[in-house]
Amino acid sequence: MKGSVIMILLTAVCLSGCTGNDTANAMQGEEQDIVEIDDTGLIVQGEYYKIFKYSDTSYCHYIYNAEKQLAYRSYSYKIPSINLGAGDVLEIRYSAGHGTWSCEYFDIATSTVSSCYSGAVHITDQYIAYVVLKEDGSLKLQILDAFLPWQYDFEVELDFYHGAVYGSYLLGIDYIDQTHLNVTYLNTNAEDAQVVIEVPELEERSSSFMQGESDSLENN
């Protein structure tokens, strides 16, 4: 029953955001043009994004790359929270209510957009973390490369509180250095806990390398 509740909440998170998108550059075989509308319906804007009221029940946001070219457009049922993190990576967070959310990430330098991750927290550069429910019912902290998850994927088992709403297990994660992270989470006693974990080296990749990887995937 516990696992079923968690999975239902996870599904709700996935449906709350990342509903549809168009990408002009990243992960595309051919570059496509996104026609930019005027500022009618503009709600909020930042250096690399604009959020519009699209309809009575949805919103549209435009994402711009380092050259301030429109590179990505997506839609959601709620207004997303967009923040610029370390390494010039935008975190686009969609709230599903009750402490749950989903995120996708956009690399400004390469116009690369990630998959959608439930309950994710940005660490630094391309690295993110979130809690995964395993088949045996255990909860593990998963750390991975948001854009190339097959390049870096590491799991850590912590004493997470199983009664929390999905997404509330991981309260925060701070980058210490390339092999150490400070994790704040809800433990088995339903108390805030902190632990420093050791991880495989979080290497920085050059923008040219990331773009090259994206291009090679489309050519294979």
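Structure report, in brief. In this text the structure is predicted, and so the values were computed from the model without any measurement.

The rules behind each value
- Residues numbered from 1 in each chain as written.
- Predicted model: local features only at pLDDT ≥ 70, side-chain atom pairs only at ≥ 80, totals over all residues.
- Heavy atoms only, no water.
- Helix = DSSP H or I, 4+ residues; strand = E, 2+ residues; numbered from the N terminus.
- Pairing = 2+ DSSP bridges.
- Axes fitted to C-alpha atoms, helices over the stretch in contact; angles between N-to-C directions.
- Contact = heavy atoms within 4.5 Å.
- Salt bridge = Lys/Arg side-chain N within 4 Å of Asp/Glu carboxyl O.
- Buried < 20%, exposed > 50% of the residue type's maximum accessible area, 1.4 Å probe, protein only.
- Core = buried A, V, L, I, M, F, W, Y, C linked by side-chain atoms within 4.5 Å.

With respect to unusual backbone geometry
- Even without being glycine, Lys68 reaches a positive phi, approximately 65°.
- Positive phi outside glycine occurs at Ala190, with the angle close to 60°.
- Considering the arrangement of structural elements, one finds Ala190 in the loop between β16 (180-186) and β17 (192-198).

Considering the sheet that holds strand β12 (residues 127-133)
- Spatially, β11-β12-β13-β14 is the arrangement adopted by the four strands of the open sheet, whose pairing is antiparallel. The two strands at the open ends of the sheet, each matched to only one other strand, are β11 (121-124) and β14 (153-157). On average, each strand axis in the sheet is inclined to that of its neighbour by 30°, with strand direction left out of account.
- The sheet contact formed by β12 and strand β13 (residues 139-145) spans seven bridges and is antiparallel. Bridging across to β13, Tyr130 finds its partner in Gln142.

A look at the environment of Ala129
- By the secondary structure assignment, Ala129 is in strand β12.
- The spacing of Ala129 and Gly172 is 43 residues in sequence and 9.4 Å in space, taken between C-alpha atoms.
- Here Ala129 is in contact with Gly119, Ala120, Val121, Ile123, Leu141, Gln142, Ile143, Leu170 and Ile173, once residues within four sequence places are set aside.

Focus: the sheet that holds β17
- The three strands lie next to each other as β15-β16-β17, forming an open sheet whose pairing is antiparallel. The two strands at the open ends of the sheet, each matched to only one other strand, are β15 (170-177) and β17. Put simply, the sheet's adjacent strands are angled 20° from each other on average, direction ignored.
- With six bridges joining them, β15 and β16 adopt antiparallel strand pairing.

Brief notes about the pattern of salt bridges
- Enumeration over the complete set of coordinates arrives at three salt bridges.
- The salt bridge partner of Glu91 is Arg93, with a shortest N-O separation of 3.6 Å.
- The shortest N-O distance in the salt bridge between Lys134 and Glu155 comes to 2.9 Å. With a gap of 21 residues between them, Lys134 in the loop between β12 and β13 and Glu155 in strand β14 connect regions that are remote in the sequence.
- Accessibility expressed as a relative area gives 27% for Lys134, which makes it partly exposed.

Focus: the nonpolar core
- Core analysis: the largest hydrophobic core is formed by 36 residues, its most contacted members being Tyr105, Leu141, Ile143 and Ile197.
- Of all the secondary-structure elements, those providing two or more residues to this core are β8 (100-107), β11, β12, β13, β15, β16 and β17.
- Broken down by element, the residue count for this core peaks at six residues, all from β12.
- Sequence-distant contacts of Ile197, defined by excluding residues within four places in its chain, comprise Leu141, Ile143, Val156, Leu158, Thr179, His180, Leu181 and Val183.
- With 13 residues, the next largest nonpolar core counts Ile82, Leu90, Tyr94 and Val113 among its residues.

In short, the description is geometric, and any link to function would need to be established separately.
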